[in-house]
Amino acid sequence: TNDYEITANLGVPKEFQGKKILDQYPQLDYETEMNIQGISKYTNQIITGKINEISYTSIGESQNVKTAWTIINVTVNENLYGNIKPGENINIYTCGGYISMRDKLGDLLYAKGGKYGEGNKLSEEEIENTVYHEIINSGELPIIGQEYAFYLANGNKYMNDNSYIVIGGENGQLLKFNDKFI
């Protein structure tokens, strides 16, 4: 085997191990065609960089629902477009990942009446021990230690400084293979 046959299947994050994992396959709608020309319209940074690590978070308001995100930490090798400096460490967010039931459903867990009827019948223990794994498109993540090109946009108010969003999901991340990005 060679390095490119290693997948980015990192397994369940430590904080969720031993809990009930429910796989979900949300369908995302995009405003453009999922090719380089389409995603380039929404890109304000294009970089190449080496993948350092991958982690997971949830973003949103706690009283409402939150969404699952994967964070890809990258050391920038080259800036092809935009103002990110080579050598800089950045976080790149992409939709999907692991999220607790409490974060995903927020106050809806305790809603009653109307369309909610009697409300949920889950115990606090069941809520605490249930995690959703949101798999977007193929669910394939970048390979740690490998070099990629990323089409990016600036992050939003829930993200830290030095954070960006990959445009087009897995269509906006290209693996370097034999000196070409595929």
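Anyway, here's the lowdown on the structure attached to this text. Model, not experiment: these values are computed from the prediction.

Let us now look at the overall build of the chain. The secondary structure content of the chain amounts to three helices and 10 strands. Start at the N end of the chain and walk to the C end: the helices and strands fall as β-α-β-β-β-β-α-α-β-β-β-β-β. Looking at the chain as a whole, 40% of its 182 residues qualify as buried. Long-range contacts, defined here as pairs at least 24 residues apart, represent 69% of the contacts in the chain between residues at least 6 apart. A total of about 10,700 Å² of accessible surface is found on the chain, and carbon and sulfur atoms cover 47% of it.

Counted by the stated rule, this structure contains four aromatic pairs. On the numbers, 5.1 Å between centres and 80° between planes, the contact of Tyr56 with Tyr98 is edge-to-face. Taken together, the positions of Tyr56 in strand 2 (residues 45-60) and Tyr98 in strand 5 (residues 97-100) put the pair 42 residues apart, joining distant regions of the chain. We note Lys104 situated over the ring of Tyr132; from NZ or CZ to the ring centre the distance is 5.3 Å.

This brings us to a nonpolar patch on the surface. A cluster of nonpolar side chains, namely Val65, Leu108 and Tyr116, defines an oily patch on the protein surface of about 250 Å² accessible area. On the secondary structure map, Tyr116 appears in the loop between helix 2 (101-105) and helix 3 (124-128). Given the relative accessible area of 35%, Tyr116 is considered partly exposed.

This part covers the sheet that holds strand 1 (residues 20-24). Strand order in the open sheet formed by three strands is 1-6-5, with mixed pairing between adjacent strands. The open sheet is flanked by strand 1 and strand 5, the only strands paired with a single partner. Strand-to-strand, the axes of this sheet are offset by a mean angle of 30°, without reference to chain direction. Examined bridge by bridge, strand 1 and strand 6 (residues 130-134) share five bridges and lie parallel to one another. What sits directly across from Lys20, in strand 6, is Thr130.

The next thing to look at is the layout of surface pockets. Computed from the structure, the second largest pocket encloses a volume of approximately 210 Å³. Among the elements of the structure, strand 3 (66-81) and helix 2 are those that each provide at least two residues to the lining of the second largest pocket. A breakdown of the residues in the lining of the second largest pocket according to their chemical character gives eight nonpolar, two polar and three charged.

On to the side chain of Gln45, then. Summarising the element assignment, Gln45 is placed in strand 2. For Gln45, a relative accessible area of 4% gives the class buried. Polar side-chain contacts of Gln45 include one of 3.4 Å to the backbone nitrogen of Ile84. If near-sequence neighbours (up to four positions away) are discounted, Gln45 is found in contact with Asn79, Tyr81, Gly82, Asn83, Ile84, Phe150, Tyr151, Leu152, Asn154 and Tyr164.

Attention shifts here to the pattern of salt bridges. Inspection of the entire model under this criterion finds five salt bridges. For Arg102, the salt bridge identified is with Glu128, shortest N-O distance 2.6 Å. Note that Arg102 is positioned in helix 2 and Glu128 in helix 3, a separation of 26 residues in sequence. Connected through salt bridges with shared partners, the residues Arg102, Glu124 and Glu128 form a single ionic network.

The rules behind each value
- Residues numbered from 1 in each chain as written.
- Predicted model: local features only at pLDDT ≥ 70, side-chain atom pairs only at ≥ 80, totals over all residues.
- Heavy atoms only, no water.
- Helix = DSSP H or I, 4+ residues; strand = E, 2+ residues; numbered from the N terminus.
- Buried < 20%, exposed > 50% of the residue type's maximum accessible area, 1.4 Å probe, protein only.
- Contact = heavy atoms within 4.5 Å.
- Areas by Shrake-Rupley, 256 points an atom, 1.4 Å probe, with all protein chains shown as cover.
- Phe/Tyr/Trp six-rings, centres within 6.5 Å; stacked < 30°, edge-to-face > 60°.
- Lys NZ or Arg CZ within 6 Å of the ring centre and 35° of its normal.
- Patch = residues over 30% accessible without salt bridge, like charges linked within 9 Å, V, L, I, M, F, W, Y side chains within 5 Å.
- Salt bridge = Lys/Arg side-chain N within 4 Å of Asp/Glu carboxyl O.
- Pairing = 2+ DSSP bridges.
- Axes fitted to C-alpha atoms, helices over the stretch in contact; angles between N-to-C directions.
- 1 Å grid on protein atoms, 1.4 Å probe; cavity = no way out; pocket = protein on both sides within 12 Å on 5 of 7 lines; lining within 4 Å.
- Points joined across faces, edges and corners; volume = space filled by probe spheres on them.
- Nonpolar A, V, L, I, M, F, W, Y, C, P; charged D, E, K, R; others polar.
- Polar contact = N/O pair within 3.5 Å; in protein donor to acceptor, adjacent residues only side chain to side chain.

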